[in-house]
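# Architecture at a glance
Chain residues, written in single-letter form:
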Amino acid sequence: MPTPDEAIHPVATGAAATTVALHQQPTKDGNELVFYSGWFCPFVARAWLALEEKGVPYQYKEVNPYKKEPEFLAISPKGLVPAIKYRGKPLHESLVICDFLEEAYPETPSLYPKDPYDRAQARLAIDVVSKSFLPAFFRLLQSQEVEKQAQALEEVYQGLRKYSERIQGPFYFGDQFTLADIVLAPWVARLHIVEKHRNFSASAVGPKFEQWVEAVKGRESVRKILSEERYYEEIYGRYLRDEAQSEAAKATRAGRVIP
Ligand SMILES: N[C@@H](CCC(=O)N[C@@H](CS)C(=O)NCC(=O)O)C(=O)O
């Protein structure tokens, strides 16, 4: 039986549609790279931002990951986007893909700061986003009782405040846009959902975070991969009513770690 999540607008719209149109052809440089994407997915957005920031040639393929089609399961074992095929070899997981791109294309702009200590700090920032912010964000979306929403909101703030401690401004490491930014940037375009429905306020996190949000919104790569607002709302409605059947939604409901 199809899950409600399968009902997604089938293609990217707005600025993202223009970006997709520029990446329809197979790459020609011998480093075949196919990007299996879902225009709506924040985890996809991380890998997409990495590709755009590095200027790596890629061929864009839209996948509906909720259909779990056998051809896609052969590329991504849990049937999750993003995934890539590099010279015919499959790879999945947004952060693994970003790190792979960093190493496979060393001649392109780096996604990490130069200093080893800063690189370690970037990894700690990524850890805070993965372990503190994200699980709380899903709980905030899916919680139906007011007290649980208030608790999740506090946890979202805690995660974002921890993340903000080391923001140099405008980006995490000053002028350089790194993986420390990319890992959280996709949720900037989704904060208005929790602002509207769950009392979230960026100012409650603090001024450094607010300035970072504005800088991220203005980043060209971020603007290039955004679809039209109304198509996201349909998807997030299912989370807000706790009807979503995605792997992340099911894990959140069951109190498990999100896959
Ligand atoms: N940990 C994964 C999460 C990817 C993920 O959850 N992708 C969602 C779309 S945003 C998906 O493919 N969902 C399909 C499903 O849940 O069945 C990553 O970072 O790549």
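These figures come from a predicted structure and were not determined experimentally. All chains use their own residue numbering, which begins from 1 and follows the written sequence. Under the rules for a predicted model, residues below a pLDDT of 70 receive no local features and side-chain atom pairs below 80 are neither given nor counted, while totals for whole chains, interfaces and linings still include all residues.

## Quick look at the overall build of the chain
Let me state the cut-off plainly: Helix numbers and strand numbers start at the N terminus; a helix is a DSSP run of H or I with at least 4 residues, a strand a run of E with at least 2. Only C-alpha atoms enter the radius of gyration, while the globule expectation follows 2.2 Å times N to the 0.38, with N the number of residues. Counting other C-beta atoms within 10 Å of a residue's C-beta gives its exposure: the residue is buried at 20 or more, exposed at 12 or fewer, and partly exposed in between, where C-beta atoms are placed from the backbone. Two residues form a contact once the distance between their C-beta atoms, set from the backbone, is within 7 Å.
Scanning the chain for helices and strands turns up 14 helices and 4 strands. On C-alpha atoms alone, the chain measures out to a radius of gyration of 18 Å, which is about the 18 Å that the 2.2 N^0.38 rule sets for 259 residues. Oriented by its inertia axes, the alpha-carbon framework of the chain measures out at about 55 × 50 × 30 Å. Burial statistics for the chain: of 259 residues in total, 36% are counted as buried. A separation threshold of at least 6 residues defines the contact pool for the chain, and within that pool the share at least 24 residues apart is 72%.

## A look at the site of the ligand
Quick note on the threshold: Here is the check we use: build the C-beta atom from the backbone, and if it is within 6 Å of the molecule or strand, call the residue near. Three residue categories are used. Nonpolar comprises Ala, Val, Leu, Ile, Met, Phe, Trp, Tyr, Cys and Pro, charged comprises Asp, Glu, Lys and Arg, and polar comprises the others, including Gly. What marks off one domain from the next here is an automatic or database domain assignment.
Close to the ligand lie 16 residues, the nearest being Cys41, Pro65, Ser94, Ser246 and Glu247. Residue assignment for the shell around the ligand shows that the elements contributing at least two residues are helix H2 (42-54) and helix H14 (247-254). Partitioned by chemical class, the residues of the shell around the ligand number 10 nonpolar, 4 polar and 2 charged. Formed jointly, the shell around the ligand draws a minimum of three residues from each of two domains, domain 1 (4-104) and domain 2 (116-254).

## Concerning the packing of H2 against helix H4 (residues 94-104)
Helix-helix packing is characterised by the crossing angle of the two axes and by the distance between the axes. How we decide: In this description, a line fitted to the C-alpha atoms serves as the axis of each element, helices being fitted only across the stretch in contact, and the angle between N-to-C directions of two axes falls anywhere from 0 to 180 degrees. Small angles under 35 degrees read as roughly parallel and large ones over 145 as roughly antiparallel, with 65 to 115 read as roughly perpendicular and the rest as oblique.
Two numbers describe how H2 lies on H4: the axes approach to 8 Å, and their chain directions differ by 10°. Compared by their axis directions, H2 and H4 come out roughly parallel. Contacts from Phe43, Arg46, Ala47, Ala50, Leu51 and Lys54 in H2 reach Ser94, Ile97, Cys98 and Leu101 in H4. Taken together, the residues of the contact of H2 with H4 sort by class into 7 nonpolar, 1 polar and 2 charged.

## Brief notes about the sheet that holds strand S2 (residues 59-62)
Applicable threshold: For two strands to count as paired, DSSP must find a minimum of two bridges between them.
Read across the open sheet, the 4 strands follow the order S2-S1-S3-S4; overall the sheet is mixed. Two strands bound the open sheet, and with one partner strand each, they are S2 and strand S4 (89-92). On average, each strand axis in the sheet is tilted by 20° relative to the strand beside it, whichever way the strands run. Of the pairings in the sheet, the one linking strand S1 (residues 33-37) to S2 comprises 4 bridges and is parallel in character. Paired with valine 34 across the strands is glutamine 59, a residue of S2.

## Structural notes on the UniProt feature "domain: GST C-terminal" (unreviewed entry) in the chain
Definition in use: UniProt positions are given in the numbering used here, feature names are shortened, and annotations may be inferred rather than shown by experiment.
UniProt records the feature "domain: GST C-terminal" (unreviewed entry) at residues 115-235, using the numbering of this structure. Note that residues 115-235 is 74% helix and 0% strand, and that its end C-alpha atoms are spaced 40 Å apart.

## As for the domain arrangement of the chain
When the domains of the chain are assigned, the result is domain 1 (4-104) and domain 2 (116-254). A separation of 21 Å is found between the C-alpha centroids of domain 1 and domain 2. Counting from both sides, the interface comprises 24 residues of domain 1 and, opposite them, 26 residues of domain 2. Of all the elements, H2 adds the most residues to the side of domain 1 that touches domain 2, at 8 residues.

## Section: the UniProt feature "domain: GST N-terminal" (unreviewed entry) in the chain
UniProt's entry tags residues 31-109 with the feature "domain: GST N-terminal" (unreviewed entry), counted in the numbering of this structure. For residues 31-109, helix accounts for 35% and strand for 22%, while the C-alpha atoms at its two ends are 17 Å apart.

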